[in-house]
Amino acid sequence: MAVAATLLAILPNSAQAGVTYPDPQPITGQQIIHDPTVIHLKSGGYVAYSTGGVIGARRSKDRVRWDDAGNAFASPPSWWYEYNDTGDPWAPDISYRDGRYWLYYAVSSWGTNHSAIGVATSPSGLPGTWTDHGKVFTSETTDSWNAIDPAVVRADGRLWMTFGSYWTGIRMVELNPRTGKAIPGATVTHLATRPDAPYAVEGPYIVEHGRYYYLFASYDACCAGVNSTYKIKVGRSTKVTGPYVDSTGKPLLEGGGDLLLEGHGRFIGTGGESIFKDRGRDVLAYHYYDAEDGGTPKLGLNPLSWTKTGWPRLF
């Protein structure tokens, strides 16, 4: 039995037969959320931002009870209306660097890649304190990528942003660390896609662990309640710009990826993920659709550990 447990601990998810997935940790209060990004604030406590509202906000003192905290902005910046009629933002990403908090987000309309990623900054990271700085990077219908679902990562003294949804999958562009915006003329690097149309992979997030960078992404269908098939896969690379491969060596540009988490029981369509540090440990944040509550999207949180061979596992 001990030998079997040891083998399970070192095998990547794609190599495990009959894998079971952990339920999200129990939380209370305002649990409804979509595409969450979470951070442990320097001032104490936690804040989560999400799709919905004018970048909807939740706050928690203990990561267990979450309360509604309004929105990042009181009203949509005027330029958002270039991308949809309601000024509706999607899929934010919060980070801290150079003494302030940075909030990236996307504005678009369903089914088009006429899209833009914007950025705002705040001294505290709290809702109502954000100053918008406009567009970071855009895409048009003539492009082969979609500028939504941003996530920022620092690597080797440089700043990078992953993004992407459907079209040709996941991309990356370098940012100017002073402005937080894409460097004009920067190469748009291709990180992951699928061989089958409509190339259903989106929501990338990169973290560094050991000597590798790990690319997490959401695969298959989101936003359909209990009919959602979202799941989270992962690959890794020794360079932030790739190439990323799964545990079998299959490139993510060829449809590879180890399955980290998928729907189980009442927890349907797990995805829209991000990862944050909490007291030195990695925590995966994501949404799921609650099959026992009419498919309502809710916040999932699971600590993330690493196997002896350097692959992520949840508990």
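Residues numbered from 1 in each chain as written. Predicted model: local features only at pLDDT ≥ 70, side-chain atom pairs only at ≥ 80, totals over all residues. Heavy atoms only, no water.

Quick word on the state of the cysteines
Here comes step 1: Using the criterion set out here, one finds 1 disulfide in the structure.
Here comes step 2: Bridging Cys222 to Cys223, the disulfide has an S-S length of 2.2 Å. What sets the handedness of the Cys222 and Cys223 disulfide is the S-S torsion sign, and at about 65 degrees it is right-handed. (Disulfide = S-S within 2.5 Å.)

A closer look at the sheet that holds strand β19 (residues 281–290)
Here comes step 1: One open sheet holds the 4 strands; their spatial order is β18-β19-β20-β21, and the pairing between them is antiparallel. For this open sheet the edge positions go to β18 (267–278) and β21 (312–314), each flanked by a neighbour on one side alone. Put simply, the sheet's adjacent strands are angled 35 degrees from each other on average, direction ignored.
Here comes step 2: Where β18 lies against β19, 8 bridges are found, and the strand directions are antiparallel. Each residue of the ladder has a partner; that of Ile268, found in β19, is Tyr289. (Pairing = 2+ DSSP bridges. Helix = DSSP H or I, 4+ residues; strand = E, 2+ residues; numbered from the N terminus. Axes fitted to C-alpha atoms, helices over the stretch in contact; angles between N-to-C directions.)

Brief notes about the sheet that holds strand β8 (residues 115–122)
Here comes step 1: Strand order in the open sheet formed by 4 strands is β6-β7-β8-β9, and the pairing between neighbours is antiparallel. Here the strands that pair on one side only, and so sit at the sheet edges, are β6 (89–97) and β9 (131–139). Here the average twist between neighbouring strands, direction ignored, is 20 degrees.

So, the side chain of Lys233
Here comes step 1: Tracing the chain through its elements places Lys233 in strand β16 (residues 231–237).
Here comes step 2: One buried charged side chain, Lys233, makes no salt bridge at all; its nearest oppositely charged neighbour is Asp220, positioned 6.1 Å away.
Here comes step 3: When sequence neighbours within four positions are dropped, the list of residues in contact with Lys233 reads Leu215, Phe216, Ala217, Tyr219, Gly257, Asp258, Leu259 and Leu260. (Buried < 20%, exposed > 50% of the residue type's maximum accessible area, 1.4 Å probe, protein only. Lys, Arg positive; Asp, Glu negative; His and termini not counted. Salt bridge = Lys/Arg side-chain N within 4 Å of Asp/Glu carboxyl O. Contact = heavy atoms within 4.5 Å.)

Notes on the environment of Leu253
Here comes step 1: Positionally, Leu253 belongs in the loop between β16 and β17 (258–262).
Here comes step 2: Sequence spacing of Leu253 and His190 is 63 residues, and the spatial spacing of their C-alpha atoms is 7.7 Å.
Here comes step 3: Setting aside its immediate chain neighbours within four residues, Leu253 contacts His190, Leu191, Ala192 and Thr193.

A word on the packing of aromatic side chains
Here comes step 1: Enumeration according to the criterion identifies 13 aromatic pairs in this entry.
Here comes step 2: Look at Tyr214 and Trp311: their rings are 6.1 Å apart centre to centre, the planes differ by 85 degrees, and that puts the pair in the edge-to-face class. Highlighted residues: Tyr214 in strand β15 (residues 212–219) and Trp311 in the loop between β20 (296–306) and β21, separated in sequence by 97 residues. As far as burial versus exposure is concerned, Tyr214 and Trp311 are alike and both buried.
Here comes step 3: By the ring-pair criterion, three or more aromatic residues cluster together here, those being Phe73, Trp79, Trp80, Tyr83 and Tyr105.
Here comes step 4: Just above the ring of Trp102 sits the side chain of Arg97; from NZ or CZ to the centre is 3.8 Å. (Phe/Tyr/Trp six-rings, centres within 6.5 Å; stacked < 30°, edge-to-face > 60°. Lys NZ or Arg CZ within 6 Å of the ring centre and 35° of its normal.)

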